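Observations on the model geometry
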Amino acid sequence: MHDIRAIRTNPDAFDAALALRGDAPLSSDILALDSARRSKIQAAEAAQAEQNAASKEVGAAKAKGDEAEFERLRALVSDKKAEVAAMQAEAKELDAQLTDMLARIPNAPADDVPQGADENDNVEVKRWGDVPSFDFAPREHYDIEAVAASMDFETAAKTSGARFVMLKRGVARIHRALAQFMLDTHVDENGLTEVNTPVLVRDEAMYGTDKLPKFGEDSYKTEEGMWLVPTSEVPLTYTVAGDTLEAADLPRRMTAHTLCFRSEAGSAGRDTSGMLRQHQFEKVEMVSITLPEESDAEQQRMLACAEGLLEKLGVPYRTVILCTGDMGFGARRTYDIEAWLPGQNAYREISSVSTTGDFQARRMNARFKPAEGGKPQFVHTLNGSGLAVGRCLIAVLENGQQEDGTVVLPDVLAPYLGGKTTLKTDGTLA
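Everything numeric in this text was worked out from a predicted model, so none of it was measured.

The rules behind these values
Residues numbered from 1 in each chain as written. Predicted model: local features only at pLDDT ≥ 70, side-chain atom pairs only at ≥ 80, totals over all residues. Heavy atoms only, no water. Helix = DSSP H or I, 4+ residues; strand = E, 2+ residues; numbered from the N terminus. Buried < 20%, exposed > 50% of the residue type's maximum accessible area, 1.4 Å probe, protein only. Pairing = 2+ DSSP bridges. Core = buried A, V, L, I, M, F, W, Y, C linked by side-chain atoms within 4.5 Å.

The omega torsion across Leu250 and Pro251 is 5 degrees, close enough to zero to call that bond cis. In this structure, Pro251 sits in the loop between β7 (244-246) and β8 (252-261). A cis amide bond links Gly386 with the next residue in sequence, Leu387, at an omega value of 10 degrees. Residue position: Leu387 is located in strand β15 (residues 380-388). One non-glycine residue, Arg169, adopts positive backbone phi at about 50 degrees. Examined against the element boundaries, Arg169 turns out to sit in helix α7 (residues 169-188). By relative accessible area, which is 44% here, Arg169 ends up partly exposed. Backbone geometry places Asn345, a non-glycine residue, at a positive phi of 55 degrees.

With that out of the way, let us pick up the pairing of strand β9 (residues 280-290). In the case of a regular strand, side chains alternate between the two sheet surfaces. Burial runs high along β9: nine of the eleven residues are buried. Pairing between β8 and β9: ten bridges, direction antiparallel. When the sheet's bridge partners are listed, Leu259 is paired in β9 with Glu282. Pairing geometry for β9 and β15, over seven bridges, is antiparallel. Paired with Val287 across the two strands is Asn383, which belongs to β15.

Once that is clear, we can look at the sheet that holds strand β13 (residues 367-369). The strand order across the open sheet formed by three strands is β7-β13-β14, and the pairing between neighbours is mixed. The open sheet has two edge strands, β7 and β14 (377-378), and neither has a second partner. Where β13 and β14 come together, two bridges link them in antiparallel fashion. Paired with Arg367 across the bridge in β14 is Phe378.

Residues Ile174, Leu178, Met182, Leu397 and Leu423 are the most contacted members of the largest nonpolar core, which totals 48 residues. The leading source of residues in this core is α7, at eight residues. The next biggest cluster of nonpolar side chains, apart from the first, holds 16 residues, and it includes Ile289, Ala366, Phe378 and Val379.

If you want it as structure tokens, here you go:
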């Protein structure tokens, strides 16, 4: 959500920020609607004052026995009351239109975000690990012999349709181990508070975290009006909605492991093979609520938390800062971490770490009391994948594949797998 006062003060800067994202200028339309709304409010207030003044005179006319004046004033009060109600209704409708317009406009990019049109203009900022070399042609995850029998797309399609998978035997246990490893690392080493969240949320939570009104088709809604979460960013961030926090209690750092659901409405035909892009998947999410002056440093800290997991797993990766044309709707700045997938001979996204500034906080009315006193201010909110569990599973399987069809697993997972370090060709662990 954008600050209408900032748009009034500097409409050119607002339009320039939209231009960076490839969007047309909107300040004139916004300010015209804002002016009409304010005019209607002022007219309603003036009519209300006239109504109040006439109401006081009604009693005086009655006391004087001036019946004609009494009836005139009573009719005037009635007319003004109807006029005020009509103008207040019009002002309320104009306010709703303005709010809806502002809610559909993306966040302004930070000054250091590179300009560009799409993913080809993203800028690499880091690369870690040596890309493995193989004496054989590396296979994609679903073609590795040890994996194929335990990654069942056909049965999942029979029960749920396309873009679902059933994991079995050792593969299912590795998937579970990865999530546990991520949570333990975030809690024990990174200082995050673990939260077990609902995966059904109300409209208000989706709206407050910028998933509504513009992106409703990307998520699933129940007949009762609840939404299946696209990520636990939604319930974690919304925990501070409507709150005024103490500055000393920030930052608030949280993590959660949940099922996530996305309709993938805009991705028809993309990544249809394997489990890279599914309607149902699991993520370990990181969310931070911070003071404005600390949010940039917090984003770097969260990025390091996500990168550290891949380093512990021995998965090569690169980190890119997204350009203005590739950033998500609510982001002010986003870093993507892309894991190396030998089967695709490419780096693929496994985490996005974003700061939204006060964009979500304005929608949720989440504030803090400055330590030095003064009016409450909006907090800053950040979110990041730490990590996408299914995609991490793909990376571990593909990077650890052997010519004989087995998979050598990262040593860091052994404590979660009963000391086992290899996925055998029959899908069991050894």
